[in-house]
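Structure assessment
Chain by chain, the residues:
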Amino acid sequence: MLMSKRLPLTLIALGASLCLAQTTTMHVSVQSGTQGRPVRSRTGELQEIVANLEQSKLRPAVPSSWEDQVLTAATRSAGQTLRMSLGDPNGASIYTLPTSPGDTLVAHWNGADSSRAERAIWLWDTPFYTTFVLELAPSILQPDELTRYSEGLLRWDISLFKSLKLVYFEPEGDVQWVGGLVEYPQTEQGSWNVWFAAIGRKDKAYVAISMSKSLFSDKYPTEAYEVRERFPPLRLRLAGASRQALFDEIGKDYVGGSLTTYPTNRDWIVLSELLSRGPLSDGELRRVIVGSFDKGDYQSANVVNIRSIVFLQVAKTRKELAAYAPALEGLILGVKIHAAAAFVIAGMFGTMEQQHVDFSHAALALVERGQFTHEGLRYLERNASDEETLQKLSGLTVRPEMEQEKNEVVRGIRDRLGRGTHPR
């Protein structure tokens, strides 16, 4: 947890609005202060950030170090969203510290562009958010000034920021409070978030823009993105863990019922280390992919899908996918998977197909059982490669509503084998 400090500055929260509106020529406007509660919702978070911006802790970033790789990713993220230059990335000073969201990188640049208003630029980079805190003269918080500054700060051409509505509150002593409603597109699962904040007193002001790291997933190394243990990276911490302890790390930090909290990248790191210790038994494979999510409900199927995808990616990277094919077949035939979650089976078939691993036996078994028949048939349609498989499929009895599809697949395989065409 962050240590709380008494601040000489008071924060002005500019909360995030989730609504959508038409883009106008001027994206930033001022409105009445009647929406104070939502725009002040980030006050506590901003207080902790500003309280921990300490120049005395800063040290030069070592080129090509792990911290420098994270810093470089953040610099690229700034270039993608902000219309300002951070200057030479090698000119930044940094420090790291543990916080409640996870290991955080703090960086500082002096104002790089004399034509701009920033006295200094701070980065507050957590595993889940990339936040830029801009140190400015307090006069920037005057309505006209802040409107112009914010208009020139954000890149409106990337279709991420739609508008910003500034909300001014009554001053508290010499502290000026300003709020803001940020308008931005939302994903179906709500996995993006943007908030904007500012504070100001007589001697100094801060303006901050914070964005979900999912917006920059292609910029950050896997070990720095949504993984709490970053400095040192989790991979190094796990090197001394026992093999059995690694199983306990799978799915750690997952909050049940919210798939967006599943630690996919963290599992990738854990499984990479686990598989490096030797092959998994069938029981261990079940523990890795299914674990306690064997209830047969739709939510469990979603988790099993995520865990199977991670395992398949790691096994593919290690070129061990074919070795696990028999155990994976036993797993999908032995685990209760919700009928609506056919994407779990389809994803596994798709990976096997892409990697040219023969999974025909599993497909035939599913068709014979009447489970995920469509997925099994479609895999066989594209991948069945011999007369024996064709004959086995021809002799299987399926539900009446699947009979026509089965017959079409049989004809298609027969025609393909007759032409001597190899599976795709």
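Structure's up top.
Here is what the cut-offs are and how they apply
- Residues numbered from 1 in each chain as written.
- Predicted model: local features only at pLDDT ≥ 70, side-chain atom pairs only at ≥ 80, totals over all residues.
- Heavy atoms only, no water.
- Helix = DSSP H or I, 4+ residues; strand = E, 2+ residues; numbered from the N terminus.
- Polar contact = N/O pair within 3.5 Å; in protein donor to acceptor, adjacent residues only side chain to side chain.
- Contact = heavy atoms within 4.5 Å.
- Core = buried A, V, L, I, M, F, W, Y, C linked by side-chain atoms within 4.5 Å.
- Buried < 20%, exposed > 50% of the residue type's maximum accessible area, 1.4 Å probe, protein only.
- Pairing = 2+ DSSP bridges.
- Phe/Tyr/Trp six-rings, centres within 6.5 Å; stacked < 30°, edge-to-face > 60°.
- Lys NZ or Arg CZ within 6 Å of the ring centre and 35° of its normal.
- Salt bridge = Lys/Arg side-chain N within 4 Å of Asp/Glu carboxyl O.

**Focus: the side chain of histidine 108**
One can find histidine 108 in strand 6 (residues 102–110). A distance of 3.5 Å separates a polar atom in the side chain of histidine 108 from a polar atom in the side chain of glutamine 55. Residues within four places of histidine 108 in sequence aside, it is in contact with Gln55, Leu58, Gly91, Ala92, Ser93, Ala120, Ile121 and Trp122.

**What about the nonpolar core?**
Phe311, Leu328, Phe359 and Leu393 are the most contacted members of the largest nonpolar core, which has 66 residues in total. A per-element tally of this core places helix 9 (residues 298–317) first, with 9 residues. Residues within four places of leucine 393 in sequence aside, it is in contact with Leu364, Val367, Leu377, Leu380, Lys406, Val409, Val410 and Ile413. Counting residues in each nonpolar core, the second largest holds 49 residues, with Leu71, Phe161, Leu164 and Leu215 among its members.

**Considerations on the environment of leucine 393**
Inspection of the secondary structure puts leucine 393 in helix 14 (residues 387–394). Overall, leucine 393 belongs to the buried group, its relative accessible area being 1%.

**A look at the pairing of strand 10 (residues 178–183)**
The buried fraction of strand 10 amounts to 6 of the 6 residues, a majority that puts the element mostly inside the structure. Along strand 10, one buried face is formed by Val178, Gly180 and Val182 and the opposite face, lined by Gly179, Leu181 and Glu183, is buried too. The sheet contact formed by strand 9 (residues 163–168) and strand 10 spans 6 bridges and is antiparallel. Paired with serine 163 across the bridge in strand 10 is glutamate 183.

**Considerations on the packing of aromatic side chains**
Any aromatic ring pair is given by two values, namely how distant the centres are and how the planes are angled relative to each other. Here the structure, examined in full by the defined rule, presents 7 aromatic pairs. Look at tryptophan 156 and phenylalanine 161: their rings are 6.3 Å apart centre to centre, the planes differ by 80°, and that puts the pair in the edge-to-face class. Take tryptophan 156: its relative accessible area is 11%, and that puts it in the buried class. Since its relative accessible area comes to 2%, phenylalanine 161 is described here as buried. Considering the side-chain rings of phenylalanine 349 and phenylalanine 359, the 5.7 Å spacing of their centres and the 70° angle between planes classify their relative orientation as edge-to-face. Residue phenylalanine 349 is located in helix 11 (residues 342–354), and its partner phenylalanine 359 is located in the loop between helix 11 and helix 12 (360–369); the two are separated by 10 residues in the primary sequence. Residue class for phenylalanine 359 comes out buried when judged on its relative accessible area of 2%. Sitting over the face of the ring of tyrosine 220, lysine 213 holds its NZ or CZ atom 4.2 Å from the ring centroid.

**Thoughts on the pattern of salt bridges**
Scanning the entire structure with this criterion turns up 25 salt bridges. Note that aspartate 253 and arginine 228 form a salt bridge whose closest N and O atoms lie 3.4 Å from each other. You can see aspartate 253 sitting in the loop between helix 6 (243–249) and helix 7 (264–275) and its partner arginine 228 sitting in the loop between strand 12 (205–212) and helix 5 (234–238), a full 25 residues away along the chain. Glutamate 284 is the partner of arginine 243 in a salt bridge, and the nearest nitrogen-oxygen pair spans 2.7 Å. Of the two residues, arginine 243 is situated in helix 6 and glutamate 284 in helix 8 (residues 282–289); the sequence distance between them amounts to 41 residues. Bridged by salt links that share partners, the residues Glu229, Glu249, Lys252 and Arg266 form one connected network.

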